[in-house]
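Spelled out, the chains give:
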Amino acid sequence: MKPPPFEYVAPASLEEAVAALGEHGDEAKALAGGQSLVPLLAFRLAAPSVLVDLNGVAGLDHLGADGDRLVIGALARQRAVERLPGLGRRCPMLAEAVAQVGHVAIRNRGTVGGSLAHADPAAEWPALALALDGECQVVGPRGTRTVPVEDLLVSYFTTTLEPDELITELRLTLPGGRVGSTFVELARRHGDFAIVGVGALLGLTSDGSVALARLTLIGVGERAVRARRAETLLEGERPSDELLDEAAAAVDEAISPTSDLHGSAGYRRQVARVLTRRALATARARAEGKEEGPDGQA
Amino acid sequence: MARREIELRVNGRSLRGSAEPRTTLADFLRDELGLTGTHLGCEHGVCGACTILLDGRSVRSCLLFALQAQGSELRTVEGLADPDGPLHPIQEAFSEHHGLQCGFCTPGFLMSVCELLADDPDPGEQEIRAYLSGNLCRCTGYQNIVAAVQAAAGKLREAGAGGPGGSRVAPRGTGGPGG
Ligand SMILES: Cc1cc2nc3c(=O)[nH]c(=O)nc-3n(C[C@H](O)[C@H](O)[C@H](O)COP(=O)(O)OP(=O)(O)OC[C@H]3O[C@@H](n4cnc5c(N)ncnc54)[C@H](O)[C@@H]3O)c2cc1C
Ligand code: FES
Ligand code: FES
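Residues numbered from 1 in each chain as written. Chains lettered and ligands numbered in written order. Predicted model: local features only at pLDDT ≥ 70, side-chain atom pairs only at ≥ 80, totals over all residues. Heavy atoms only, no water.

Asker: I'd like a rundown of the pairing of strand β4 (residues 57-60) of chain B, residues and numbers included.
Answerer: All names here are of chain B. Of the two faces of β4, the one lined by Arg57 and Val59 and the one lined by Ser58 and Arg60 are each fully buried. As defined by bridge partners, strand β3 (residues 51-54) adjoins β4 across four bridges and the pair is classed as antiparallel. If you follow Thr51 over to β4, its bridge partner there is Arg60. Joining the antiparallel neighbours β3 and β4 is a turn of two residues, in which Asp55 adopts a positive phi near 50°. (Buried < 20%, exposed > 50% of the residue type's maximum accessible area, 1.4 Å probe, protein only. Helix = DSSP H or I, 4+ residues; strand = E, 2+ residues; numbered from the N terminus. Pairing = 2+ DSSP bridges.)

Asker: Before we move on, can you summarise the packing of helix α3 (residues 106-119) of chain B against helix α5 (residues 143-159) of chain B with the specific residues and values?
Answerer: Residues and elements named next belong to chain B. Following both chains from N to C, one finds α3 and α5 inclined at 50°, their axes separated by 11 Å at the closest point. Here α3 lies oblique to α5, going by the angle between them. In the packing of α3 onto α5, the handedness of the crossing is right-handed. In this structure, α3 contributes Phe109, Val113, Leu116 and Leu117 to the contact, and α5 contributes Ile145, Val149, Ala152, Ala153 and Leu156. (Axes fitted to C-alpha atoms, helices over the stretch in contact; angles between N-to-C directions. Parallel < 35°, antiparallel > 145°, perpendicular 65-115°, else oblique. Left-handed = near helix turned anticlockwise from the far one by under 90°. Contact = heavy atoms within 4.5 Å.)

Asker: Any chance you could break down the environment of Glu246 of chain A for me, citing the residues and the numbers?
Answerer: Its place among the elements puts Glu246 of chain A in helix α11 (residues 241-250). Sequence separation between Glu246 of chain A and Asp68 of chain A is 178 residues, and the spatial gap between their C-alpha atoms is 31 Å.

Asker: Describe the site of ligand 1, naming the residues involved and giving the relevant values.
Answerer: Around ligand 1, a shell composed of 33 residues is seen, among which Ala30, Gly34, Leu37, Thr111 and Glu124 of chain A lie nearest. With respect to ligand 1, the chains having nearby residues are chains A and B. Taking Gly34 of chain A, its main chain carries an N or O atom lying 2.8 Å from an oxygen atom of ligand 1. In this structure, an oxygen atom belonging to ligand 1 sits 3.1 Å away from a side-chain N or O atom of Gln78 of chain A. Considered on its own, ligand 1 offers 970 Å² of accessible surface; in the complex 94% of this is hidden by protein. Secondary structure elements with two or more residues in the shell around ligand 1: β2 (28-31), α7 (112-118) and β10 (166-173) of chain A. When residues in the shell around ligand 1 are grouped by element, the largest group, four residues, is from α7 of chain A. Residues of the shell around ligand 1, tallied by class, amount to 15 nonpolar, 14 polar and four charged. (Near = heavy atom within 4 Å. Polar contact = N/O pair within 3.5 Å; in protein donor to acceptor, adjacent residues only side chain to side chain. Areas by Shrake-Rupley, 256 points an atom, 1.4 Å probe, with all protein chains shown as cover. Nonpolar A, V, L, I, M, F, W, Y, C, P; charged D, E, K, R; others polar.)

Structure below.
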């Protein structure tokens, strides 16, 4: 189908973009990569009367490391992140997750800010942000605020952003040292939204016990979640096979999957446990230097 | 909504036309510019039939509005071979290896392959399948498409001359999406 009529404005600066959103309130929508919004328009599931195109806004697509932080402008394309040199070695979880977002043509347009704001419960970026202590910079008519992604995500396609607020930047912390990570998914075909996806990161002390554990899951409820009790089980302990089994079983209480045509809730619980166990084994092998991450170039 | 003027370059030619804000780039190419080589299957980003190159990068033309292409450089399937000349090596390879049957999906595949071979002149099967995962074909079963891409890569490497990044196929745009 074709999108319904709308008015189109293309601001050149962030101030103008925020002003345009403020002026039209609920009637207006920001347009970033359009890879989620335009299908919604085509299906007539959204019918904003004004589209505020962010693509011409200067200074929103920056991308770069700042110490152990990775700073990603909201308009940076997912493909640009994927092509960061050395990403696969620095943070395998990030490289593997981004390569599983849709297809090359989708990632060429789709933005990091758009994915966070869209808050699809099966999207990779919210989970990455949870695993890597992500925080967003949010700008609106009342000023600038910093929002941890944990507090941004609410439920299916719902965030705590006001209609006149924009995400301008995502900041991730990439832990260093003896760290291993991965992102694994079950999807019908390469590029499809995950039925279930799991990100795992383990940091080890010099004597080999777990100093840092991160487990995030997608496709298992109304939003991306961190499995905090499973993380606590791991931290301070030796990452034995038995402990990984136990941690994988513990993700069950963090998730609330529902049934749909791709799988029942019970199936998703089962897949979540199996994928978590595999992801933990890979993260452990990488942290111990027994396995390398992807080379980061698709 | 009022129509607005749009100026852009398609396959190296400067063109102009006008469109309402809600007109997609795909409809603009087909209906306003008469470039019907770009096909439309799903109109919501899933099938890949409408794939074109925008500033050197593959994009879904059904998920862009025509107004957003103001001033940009597009490549469509019409730009691959000269009207009176031989087929482009990628097209030749698709023909020789039966990489198409009905041909509906083919323009989208060809444009995705342009980007792939510009990024990597010698891709392995897994990489080919990953790059083409966003293009659906209901006829071929993909096997022959993968073979065609491998053959096209070989032809282009043999032809040398800067490989598929040569200006006729996939110009690396300045400031294109993904850099
Ligand atoms: C075929 C297909 C497959 C896909 N597969 C996947 C997948 O496997 N995994 C996945 O994660 N995604 C997938 N996507 C979605 C894709 O990643 C989107 O690009 C992304 O979710 C939204 O980013 P966008 O820049 O395109 O946002 P848009 O579509 O432009 O916008 C989405 C929403 O976010 C709002 N918004 C955008 N930018 C901002 C901002 N800076 N501040 C505040 N609000 C903003 C918009 O108003 C809109 O409501 C797929 C899409 C397609 C078409
Ligand atoms: S018509 Fe654009 S992806 Fe199907
Ligand atoms: S050749 Fe018929 S859809 Fe691909």
